[in-house]
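# Structural features, examined
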Amino acid sequence: MAEVTEVDVVVVGMGPGGEDVAGKLAEAGLEVAAVEAGLVGGECPYYGCIPSKMMIRAADVLAEARRVPGLAGETEVRPDWGPVAARLKEATDDWDDRVAAERFTDKGGTLVRGFGKITGPREVTVGERVLRARRGVVLNPGTEPAIPPIDGLEGTPFWTNRQAVKASEAPESLVLIGGGAIGVELAQAFSRFGTRVTVLEGRSRLLGVEEPEAGELVGKVFEEEGIDVRTGVKITRVGYDGRFTVEFGDRSVEAERLLVATGRRTDLAKLGVGRIGLDESARTIPVDERMRAADGVWAIGDVTGHGAFTHISMYQAAIAVRDILGQDGPPADYRALPRVSFTDPEIGAVGLTEAQAVEKGMDVRTGYTPLSSSTRGWIHKGEGFVKLVVSGDELVGATTAGPSGGEMMSALAVAIHGRVPVSSLTHMIYAYPTFHRAIEDALRDIG
């Protein structure tokens, strides 16, 4: 006999957004049951944002030390993965979520361990336990690494980002399938610790969803750092006999480890969304401007299709909480959606790319300048650029690449969000000497 529990709200998935929703609703006095099959906190603190950026930070320190010749003297650098592995275990509590779980239950919430499946309107079943929600259900299922159906891959001990961040040592060699943000970040990090890295990407360039100039710059830097990048490849087979062999066309490459970073997915059929009238074969759950997906159902995070970013999940969480509690607040607005690829140089982007703006039928003009056009860029001897996408007198997109690409992007995100006219941006005062001065040069270049 199933155990039935009635609460005000059921939250399925305790990633960053789900944890925020569940905690805030519990603090507001609602009875909240939160369901989590993995670790409370989700991908970001244990396998994604935080561990990977710790790896990148360590790798960047090595790179900076290697830049001393020609700037400040001589150095000898000997990489050691040991301190990285130790810091990752410390940061994740050795992949233990007790602190995060208690953070929620201390607010009065009920944590239910296991996989939650929708079994009816405002009803979620976890094993033999049925949770029924008086107000509704919030879906934050997150995503899993998407594994391509490559012949021979299944059953081999390949890595995804989850195994990569648990590595006790940097491998001697690594083949990385996928040249998106996760792939290029991990490729550069391991390479700087002495791993021989090959990146295989099906598209014509790295970072294929961003501006072409971004992928071209990262590809150029990777070549200079000794990372072997093969683009436009179709992988036909993977073999494993203690080492991996990856075949593509009439060529192949072998390595100690294979890391698959080919996107992420959610199994909506497994989640049971068909029971509430949603398409189980879809890739995402459509939501309105208040995060409503169906009657008494809200969805947030990766599954909504607005970007697999923690900042999107947290942004949507705040909107869902307001809607559930009947509070006023602005609806969702994704015009100034920011994103950063934490390579070196760092790639910051916000809003639309030039291609996306053209696809939307906008009358587009662009401005471009190399980062070295700014005195700070020249002093730093860093590669990068600023590209602006303009329609009318409105900035609709921007990409900033350089040592502080993500930070430079923030100023342009504010401009897009606030609809600051380009004519006003052109007549601002830009501090000297900063990387931001390159924005002024890019504005002057707008055709």
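Below is a summary of the structure that appears in this document. (Residues numbered from 1 in each chain as written. Predicted model: local features only at pLDDT ≥ 70, side-chain atom pairs only at ≥ 80, totals over all residues. Heavy atoms only, no water.)

What follows deals with the layout of surface pockets. To locate leftover empty space, one rolls a probe as large as a water molecule over the atoms. Roughly 840 Å³ of internal volume is contained in the second largest pocket. As for the second largest pocket, its lining consists of 30 residues, of which Ala 63, Glu 64, Arg 67, Arg 192 and Asp 344 are closest to the centre. Residue assignment for the lining of the second largest pocket shows that the elements contributing at least two residues are helix H3 (49-66), helix H7 (181-192), helix H8 (212-225) and helix H12 (375-380). Examining the composition of the lining of the second largest pocket, we find that 8 residues originate from one element, H3, more than from any other. Of the residues contributing to the lining of the second largest pocket, the split by class is 10 nonpolar, 6 polar and 14 charged. (1 Å grid on protein atoms, 1.4 Å probe; cavity = no way out; pocket = protein on both sides within 12 Å on 5 of 7 lines; lining within 4 Å. Points joined across faces, edges and corners; volume = space filled by probe spheres on them. Helix = DSSP H or I, 4+ residues; strand = E, 2+ residues; numbered from the N terminus. Nonpolar A, V, L, I, M, F, W, Y, C, P; charged D, E, K, R; others polar.)

For the rest of this paragraph, the subject is the environment of Val 420. Inspection of the secondary structure assignment puts Val 420 in the loop between helix H13 (405-417) and helix H14 (422-426). For Val 420, a relative accessible area of 26% translates into the label partly exposed. Sequence separation of Val 420 and Thr 143 is 277 residues, and the distance between their C-alpha atoms is 35 Å. Apart from the residues within four sequence positions on either side, Val 420 is in contact with Asp 393, Ala 415 and Leu 425. (Buried < 20%, exposed > 50% of the residue type's maximum accessible area, 1.4 Å probe, protein only. Contact = heavy atoms within 4.5 Å.)

In this section: the state of the cysteines. All chains considered together, the criterion is met by 1 disulfide. Between the sulfur of Cys 44 and that of Cys 49 lies a disulfide, 2.4 Å long from S to S. Here the S-S torsion is close to -135°, and the disulfide linking Cys 44 with Cys 49 is therefore left-handed. With relative accessibility at 13%, the residue Cys 44 sits in the buried group. Note on Cys 49: relative accessible area 28%, which makes it partly exposed. (Disulfide = S-S within 2.5 Å.)

Read from one edge of the open sheet, 4 strands run E10-E9-E8-E14, paired in parallel fashion. For this open sheet the edge positions go to strand E10 (228-231) and strand E14 (257-260), each flanked by a neighbour on one side alone. On average, each strand axis in the sheet is inclined to that of its neighbour by 15°, with strand direction left out of account. Relative to E10, strand E9 (residues 196-201) runs parallel, the two being bridged by 4 bridges. Residue Glu 201 lies in a different strand from E10, and its bridge partner there is Thr 231. (Pairing = 2+ DSSP bridges. Axes fitted to C-alpha atoms, helices over the stretch in contact; angles between N-to-C directions.)

What follows covers the side chain of Glu 36. Looking at the secondary structure, you find Glu 36 in strand E2 (residues 32-36). Salt bridges are absent for the buried Glu 36, whose nearest opposite-charge side chain, Arg 113, sits at 6.7 Å. For Glu 36, the side chain forms a polar contact with the main-chain nitrogen of Gly 38, separated by 2.6 Å. Ignoring sequence-local partners within four residues, the contact set of Glu 36 consists of Gly 13, Met 14, Gly 15, Leu 111, Val 112, Arg 113 and Gly 114. (Lys, Arg positive; Asp, Glu negative; His and termini not counted. Salt bridge = Lys/Arg side-chain N within 4 Å of Asp/Glu carboxyl O. Polar contact = N/O pair within 3.5 Å; in protein donor to acceptor, adjacent residues only side chain to side chain.)

On to unusual backbone geometry. Cis geometry is adopted by the peptide bond preceding Pro 345, which originates at Asp 344 and carries an omega value of 10°. Within the secondary structure, Pro 345 is located in the loop between strand E18 (338-341) and strand E19 (346-351). Cis geometry is found at the peptide bond from Tyr 432 to Pro 433, where omega equals -5°. On the secondary structure map, Pro 433 appears in the loop between H14 and helix H15 (437-444). Its identity as a non-glycine residue notwithstanding, Arg 122 has a phi of 55°, on the positive side. By secondary structure assignment, the location of Arg 122 is in the loop between strand E4 (117-120) and strand E5 (123-126).

Attention now moves to the sheet that holds strand E22 (residues 394-402). Spatially, 5 strands are ordered E18-E19-E22-E21-E20 in an open sheet, and the strand pairing comes out antiparallel. Each edge of the sheet is formed by a strand with only one pairing partner; in this case those strands are E18 and strand E20 (364-370). Taking the axes of each pair of neighbouring strands and ignoring which way they run, one obtains an average angle of 10° across the sheet. Judged from the 7 bridges that link them, strand E21 (residues 385-391) and E22 form a sheet pairing that is antiparallel.

It is worth spelling out a negative patch on the surface at this point. Where like charges cluster on the molecular surface, the negative patch consists of Glu 90, Asp 93, Asp 94 and Asp 96. On the basis of relative accessibility, which here comes to 42%, the residue Asp 93 falls in the partly exposed class. (Patch = residues over 30% accessible without salt bridge, like charges linked within 9 Å, V, L, I, M, F, W, Y side chains within 5 Å. Areas by Shrake-Rupley, 256 points an atom, 1.4 Å probe, with all protein chains shown as cover. Charge placed at Lys NZ, Arg CZ, Asp CG, Glu CD.)

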